[in-house]
Amino acid sequence: MTTPDSDSLLAEQLLQLTRRVHRIQKRHLQQSGLGVTPAQARLLRTLAHCESPPRMADLAERLEVVPRAVTTLVDGLEASGKVRRMPDPTNRRVIRIELTEAGRTALRELRGARVSAAEEILDPLTDLERQVLGGLLDALVGGSSEGEQQPQPKQGRTC
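The structure displayed is predicted, hence computed values, not measured ones.

1. Comments concerning the layout of surface pockets
Taken as a whole, the largest pocket spans an internal volume of roughly 1400 Å³. If you go around the largest pocket, you meet 38 residues; those closest to its centre are Leu 17, Thr 18, Val 21, Gln 25 and Leu 137. Mapped onto the lining of the largest pocket, the elements with two or more residues apiece are helix 1 (4-32), helix 2 (38-48), helix 3 (56-63), helix 5 (101-122) and helix 6 (127-142). The biggest single contributor to the lining of the largest pocket is helix 1, with 11 residues. Partitioned by chemical class, the residues of the lining of the largest pocket number 22 nonpolar, 8 polar and 8 charged.

Written as structure tokens, this is what we have:
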């Protein structure tokens, strides 16, 4: 049985772990020398999971940020040649965002940086502890709180 104090302690531990994961991933990302911010890396990963090049509004919704933030991220990634803007073939007012070959290469390198970060974070755990943690994380990630909305795929969406 959990008590308010133990739940409070767990919440604090989760927040500390989240901060540590972000710090370590950021360091590994910087060491990769790709010149990509964590937010840009997230946008690249999102693009990689899209069936076809998405609209900026679709990316903003998927990333749960305002459209202006996506514009800034895309500007930086486009300047470094990792993405390109392209007109929608059916509606010339719509711009879609596409990964370039340089973007795909960067994604492969980013995966390596994420794996290195994960290895560093999980290093103190035994194989059994890693299995248990994986099961616990599955339970936590799969759950939803009251008031938390799970993203619903919309018709015609590309990602």
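Here the narrative resumes, following the displayed structure.
2. A look at helix 6
Counted at 1.5 Å a residue, the expected span for helix 6 with its 16 residues is 22 Å, and the 22 Å between its end C-alpha atoms agrees. The element helix 6 is barely covered by neighbouring structure, given that only 0 of its 16 residues are classed as buried.

3. Description of the packing of helix 3 against helix 4 (residues 67-79)
Running from N to C, helix 3 and helix 4 point in directions that differ by 110°, and their axes come no closer than 8 Å. Taken together, helix 3 and helix 4 sit at an angle that is classed as roughly perpendicular. Residues Met 56, Leu 59, Ala 60 and Leu 63 of helix 3 touch helix 4, and the partners they reach there are Pro 67, Val 70, Thr 71 and Val 74. In the contact of helix 3 with helix 4, the residues fall into 7 nonpolar, 1 polar and no charged.

4. Describing the pattern of salt bridges
All told, the structure shown has 8 salt bridges when counted by the stated rule. Asp 88 is the salt-bridge partner of Arg 96, the closest N and O atoms lying 2.5 Å from each other. Note that Glu 101 and Arg 104 form a salt bridge whose closest N and O atoms lie 3.9 Å from each other. With Glu 101 and Arg 104 both in helix 5 and 3 residues apart, the pair spans about one turn of that helix.

About the cut-offs
- Residues numbered from 1 in each chain as written.
- Predicted model: local features only at pLDDT ≥ 70, side-chain atom pairs only at ≥ 80, totals over all residues.
- Heavy atoms only, no water.
- 1 Å grid on protein atoms, 1.4 Å probe; cavity = no way out; pocket = protein on both sides within 12 Å on 5 of 7 lines; lining within 4 Å.
- Points joined across faces, edges and corners; volume = space filled by probe spheres on them.
- Helix = DSSP H or I, 4+ residues; strand = E, 2+ residues; numbered from the N terminus.
- Nonpolar A, V, L, I, M, F, W, Y, C, P; charged D, E, K, R; others polar.
- Expected span 1.5 Å × (residues − 1).
- Buried < 20%, exposed > 50% of the residue type's maximum accessible area, 1.4 Å probe, protein only.
- Axes fitted to C-alpha atoms, helices over the stretch in contact; angles between N-to-C directions.
- Parallel < 35°, antiparallel > 145°, perpendicular 65-115°, else oblique.
- Contact = heavy atoms within 4.5 Å.
- Salt bridge = Lys/Arg side-chain N within 4 Å of Asp/Glu carboxyl O.

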